[in-house]
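Working through the structure, step by step
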Amino acid sequence: MSGRVDRDRLDPRTRRLLEAPIVPTLLRLGAPNVLIMLAQAAVGLIETFFVGKLGTDALAGMALVFPAVMLMQTISAGAFGGAIASVIARALGGGRRAEADVLVLHALAIAVALGLIFTAVALGGGRWLYMRMGGTQGALTAALTYSNLVFAGAVLVWIFNSLSAIIRGAGNMTVPAVVSCTGSVVLIPLSPLLIFGWGPVPALGIAGGAVALLAYYLLGSIAMAAYLWSPGSLLRPAISQLRFRWAQFREILRLGAVGAISAAATNVTIAIATAQVGEFGTAAIAGYGTAARLEYLLIPLVFGLGSPLVAIVGTCIGAGMRERALHATWVGAAIAFLMTELIGLAAALWPNAWLALFASDPAMLQAGTYYLHAVGPLYGFFGVGLVLYFASQGAGRLSWPVLGNLARLGVAALGGAAALRWGHGLTQIFLAQGAALVIYALVNVAAVAGGAWFGPIGWPRVQMDGRVPS
């Protein structure tokens, strides 16, 4: 199988994905990528920290908008970003460099179109959504102010995440890491400057956080585009020779659309939980939203590990090295479980260490503590399910991860609804969310272990030549 491609003709960066020891390669590629995603997560946390100084209404307003913003982030960076990295990695792994160059411009065209769609939907339906999630009075006003500004610049978010995915798909994790980390450092003084004002700079309040965020994506996009069209880039996209073809659009859209269903399910789960928690008041929304940000922080952390997995799995499968692709996947799953479980246990043991960073309202702290006690110890399952989603993206097989996420949505939504109907409190709503994470992981583990990447699931998994792998 591995003889399909003449590896001597491949770029050394591509060959390393096919030949280097898996654990050191995954850690080497994952380390800068984890920095990328932690930097992007820090962007949101920096904003939340400073917005929290504006009061409970502002914090609750951000909690209302947060699922929508993260939906855009997870679809642009995770679903379509992963799809872009996957198709480019598989093209390079198969020795089709010219095809990879063409895919770059197709990916950016998709990013602009989908960014505009997000802008139109959010500006037109934001008020309706936030009211249905329990937003009223000051919290609703803050939510609309922040949301309208952020989504007006949605195209910038999409271009930034697509450029990052393109560069990662070529096996370069360092450039996106440097750009993201540098931008986060700049944001630390810029965000409070625009929120609170200083000297001639007026205080913009919660709107200042949105403006600072868009500045981060604009400058980061310029930096990554400059690299992509520089002599140091492996890819050589040529706008002058561009001819759009449906075949290139189709593969990105196919993988991205399926991944978007999974990303939407994750964020709808949080949005439904926010609405259910809203039955207990604004402080409960603020507490849950602040606590759930830690769960959202796990997404970029696992994404940092999952992105090199997309490149490794995609490149190996493009070269016909299926067993190496699977071995890398299980190594990644073990690392993801360890990272996320340690974070979850720490949060469950010391919830105020996280919650008190953002506010001191007793009711808010209590709601957040209930969540972290119930769900934190199960974060390891979320890490496993999510990293297997990314690996499946590299393999170009996302049906089972999507089903796993839909199962998570069903268990969390129905469990929370049952808790409200039977007169239970916040803890029972959160226990349903914890159980949903376990289901999510089990579905993905069973699918990959059963051979879903290469055909119908079977036990034991059978190779293409009929043998049971040792």
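Here the structure is a predicted model, which means the values were calculated and not measured. (Residues numbered from 1 in each chain as written. Predicted model: local features only at pLDDT ≥ 70, side-chain atom pairs only at ≥ 80, totals over all residues. Heavy atoms only, no water.)

Considerations on helix H4 (residues 97–132)
- Along its length, H4 reaches its greatest deviation from straightness, about 60°, at Gly125.
- Downstream of H4 by one or two residues, Gly134 has phi in the positive range, about 105°. (Bend = angle between axes of the 7 residues up to and from the residue. Helix = DSSP H or I, 4+ residues; strand = E, 2+ residues; numbered from the N terminus.)

Concerning the environment of Val157
- The residue Val157 is located in helix H6 (residues 154–169) in this model.
- Classification of Val157 by relative accessible area gives buried; the value is 3%.
- Residues in contact with Val157, not counting those within four places in the same chain, are Met72, Gln73, Ser76 and Tyr217. (Buried < 20%, exposed > 50% of the residue type's maximum accessible area, 1.4 Å probe, protein only. Contact = heavy atoms within 4.5 Å.)

Here we look at the packing of aromatic side chains
- A full pass over the atoms with the stated rule returns 12 aromatic pairs.
- Aromatic side chains Tyr288 and Phe430 sit 5.6 Å apart centroid to centroid with 15° between the ring planes, which places their arrangement in the stacked category. With Tyr288 in helix H10 (residues 282–318) and Phe430 in helix H16 (residues 426–449), this residue pair connects regions lying 142 residues apart in the sequence. The pair Tyr288 / Phe430 is uniform in exposure class, with both members buried.
- Summarising the aromatic geometry, the rings of Phe382 and Tyr440 are spaced 6.3 Å apart at their centres and angled 40° between planes, so their arrangement reads as tilted. One end of the pair, Phe382, is in helix H14 (residues 379–395); the other, Tyr440, is in helix H16, and 58 residues separate them in sequence.
- For Phe382, a relative accessible area of 1% translates into the label buried.
- For Tyr440, a relative accessible area of 1% puts it in the buried group.
- Each member of the aromatic cluster is reached from another via a ring pair, and the members are Phe80, Phe118 and Trp158. (Phe/Tyr/Trp six-rings, centres within 6.5 Å; stacked < 30°, edge-to-face > 60°.)

Notes on the layout of surface pockets
- Of the pockets and cavities examined, the largest pocket occupies roughly 360 Å³.
- The wall of the largest pocket is formed by 17 residues, among which Ala68, Leu71, Phe118, Val121 and Leu129 lie closest to the centre.
- Broken down by secondary-structure element, the contributors of at least two residues to the lining of the largest pocket are helix H3 (56–93), H4 and helix H9 (246–277).
- In terms of residue count, the dominant contributor to the lining of the largest pocket is H4 (eight residues).
- Residues that form the lining of the largest pocket fall into these classes: 14 nonpolar, three polar and no charged. (1 Å grid on protein atoms, 1.4 Å probe; cavity = no way out; pocket = protein on both sides within 12 Å on 5 of 7 lines; lining within 4 Å. Points joined across faces, edges and corners; volume = space filled by probe spheres on them. Nonpolar A, V, L, I, M, F, W, Y, C, P; charged D, E, K, R; others polar.)

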